[in-house]
Each structure stands twice: as structure tokens, then as C-alpha cells.
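An overview of the molecular structure
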Amino acid sequence: MELIQETPDLSAYLAADEAIDHDRPRVRDTAARLAAAASDSYDYARMAFEFVRDTIPHSQDSGDPRVTWRASDVLEQGTGICYAKAHALAALLRAEDIPTALCYQRLAHDDGDGHVVHGLVAVRFNGAWHRQDPRGNKAGVDARFSLGGERLAFTPDAKSGESDYPVLYAKPHPVVLGALRAAPDRPYLWKTLPTAL
């Protein structure tokens, strides 16, 4: 699949916004701590990915009812669903000048009823975009940071109506952000997740 930049302006994939708030102290401090231990930008990107994947539980997996959507809140509260974790990873990467996009998949819903939009990121290295999924591993999910072939949490099954969206967004998709912001808790959010973009 060919990934398509929403905008040709690469600086848009470095910008801070309301959700990817890498100008906030919590994000800057976390990025600085990770960068101090990294040997180069690739090593930093891998470490940031593993930090978000492994130390911030997916709130559905952990049973946490809180809904986070700002990167700084995800890092502070230590919880989030796929979209929120993607926002946190994008913020940490952009904080260290690594262009990062938000991207999405349409997958079968966990409860087997219909479909749901799943969020992940793409990082730009060596003139190309590489998708990464910081969702968090569990039984049947083994996502890894990779620039040499995708190691995502899920592979869409076209026969089941699943698909990859090729667009690389500079900001969270409005449908995704709207669902997160409107949800008073995760059980409510689970009933109102976007089914398509």
C-alpha cells in the first residue's frame, strides 16, 4: 500500500497541536529522559515506541475507565486506547524533530459486531514513511518497531471488510478526536468508537 501525505508540507508532521502537545513540560521531560539514553534518532524512535507500547497500558486491556486524548494526559495518567497512545508517541517523536503522522485502519470490532477505526502512527526515516503500532502487546498481538517491514498489531482482512487507510494525517482525524472528547468514560467510548473515516 502506498502511504499518502495529507499535506506535502513536512513541517506539518512536526507541529504541536491540542492533542499532540509536545510543547508541554510532561512531554518535553519524557522526551529528554529517553533521548539522553539514545545513541541516535533511530534508537530514540525505537525507545519512544517501546516506552509507549510497554509502559502505558491500553485502557481496554487494563480495565481503566479513564479516557485520555492529549499526549501530555496520556503520559501523566499512564493510560489510553490506541488513538491516545498514538498521540503520545507522535508527540514524543515530534519533540525530537522526527516527522510523525497519524494513520488508521478499519478493523472488526472486538465484540464481533461491525467495525471500528484503529489508530497508529507513521514515522519518516530515510525519505520514507514507516507505520508503527504502539497499541500494546497481549495474547495474539506482537507489534514491534521496524523500518524494514511492518510489524503492526493487526493485519486487515479484506474478506471481513477490514482495510488500511492510506492517508497520513498531520493532526488527529476529527471523527476520532470528537469521539474521544465526547466520552465521559471508556465504556461509553467503546459504544461510540468511529466505524469508518
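Look a little higher up for the structure.
Residues numbered from 1 in each chain as written. Predicted model: local features only at pLDDT ≥ 70, side-chain atom pairs only at ≥ 80, totals over all residues. Heavy atoms only, no water.

1. Looking at the pattern of salt bridges
In this structure the tally under the stated criterion is 13 salt bridges. In this structure, Arg70 engages Glu18 in a salt bridge whose closest nitrogen and oxygen atoms are separated by 3.8 Å. One end of the pair, Arg70, is in the loop between α3 (59–62) and α4 (71–77); the other, Glu18, is in the loop between β1 (4–5) and α1 (25–36), with 52 residues separating them in the sequence. On the basis of relative accessibility, which here comes to 25%, the residue Arg70 falls in the partly exposed class. A salt bridge links Asp164 to Arg131, with the shortest nitrogen-to-oxygen separation between them at 2.9 Å. Of the two residues, Asp164 sits in strand β5 (residues 163–164) while Arg131 sits in strand β4 (residues 128–132), which places them 33 residues apart along the sequence. (Salt bridge = Lys/Arg side-chain N within 4 Å of Asp/Glu carboxyl O. Helix = DSSP H or I, 4+ residues; strand = E, 2+ residues; numbered from the N terminus. Buried < 20%, exposed > 50% of the residue type's maximum accessible area, 1.4 Å probe, protein only.)

2. Describing helix α2 (residues 41–55)
Over its 15 residues, α2 runs 20 Å from end to end, which matches the ideal 21 Å to within 8%, given 1.5 Å per residue. For α2, the secondary structure elements touched by its buried residues are α1, α4, α5 (82–95), β3 (115–125) and β4. Residue Asp40 occupies the N-cap position of α2, its side-chain oxygen lying 3.3 Å from the main-chain nitrogen of Tyr42. (Expected span 1.5 Å × (residues − 1). Contact = heavy atoms within 4.5 Å. Polar contact = N/O pair within 3.5 Å; in protein donor to acceptor, adjacent residues only side chain to side chain.)

3. A word on the nonpolar core
Counting 49 residues, the largest nonpolar core has Tyr44, Tyr83, Leu92, Leu93, Leu102 and Tyr104 as its most contacted members. Of all the elements in the fold, those that place two or more residues in this core are α1, α2, α4, α5, β2 (100–108), β3, α6 (174–182) and α7 (186–192). A total of 11 residues in this core trace back to one element, the largest contributor, which is α5. With residues up to four places along the chain from it excluded, the contact list for Tyr83 reads Tyr104, Val116, Val117, His118, Gly119, Val176, Leu180, Leu193 and Pro194. Counting 11 residues, the second largest nonpolar core, distinct from the first, contains Tyr13, Ala122, Leu168 and Ala170. (Core = buried A, V, L, I, M, F, W, Y, C linked by side-chain atoms within 4.5 Å.)

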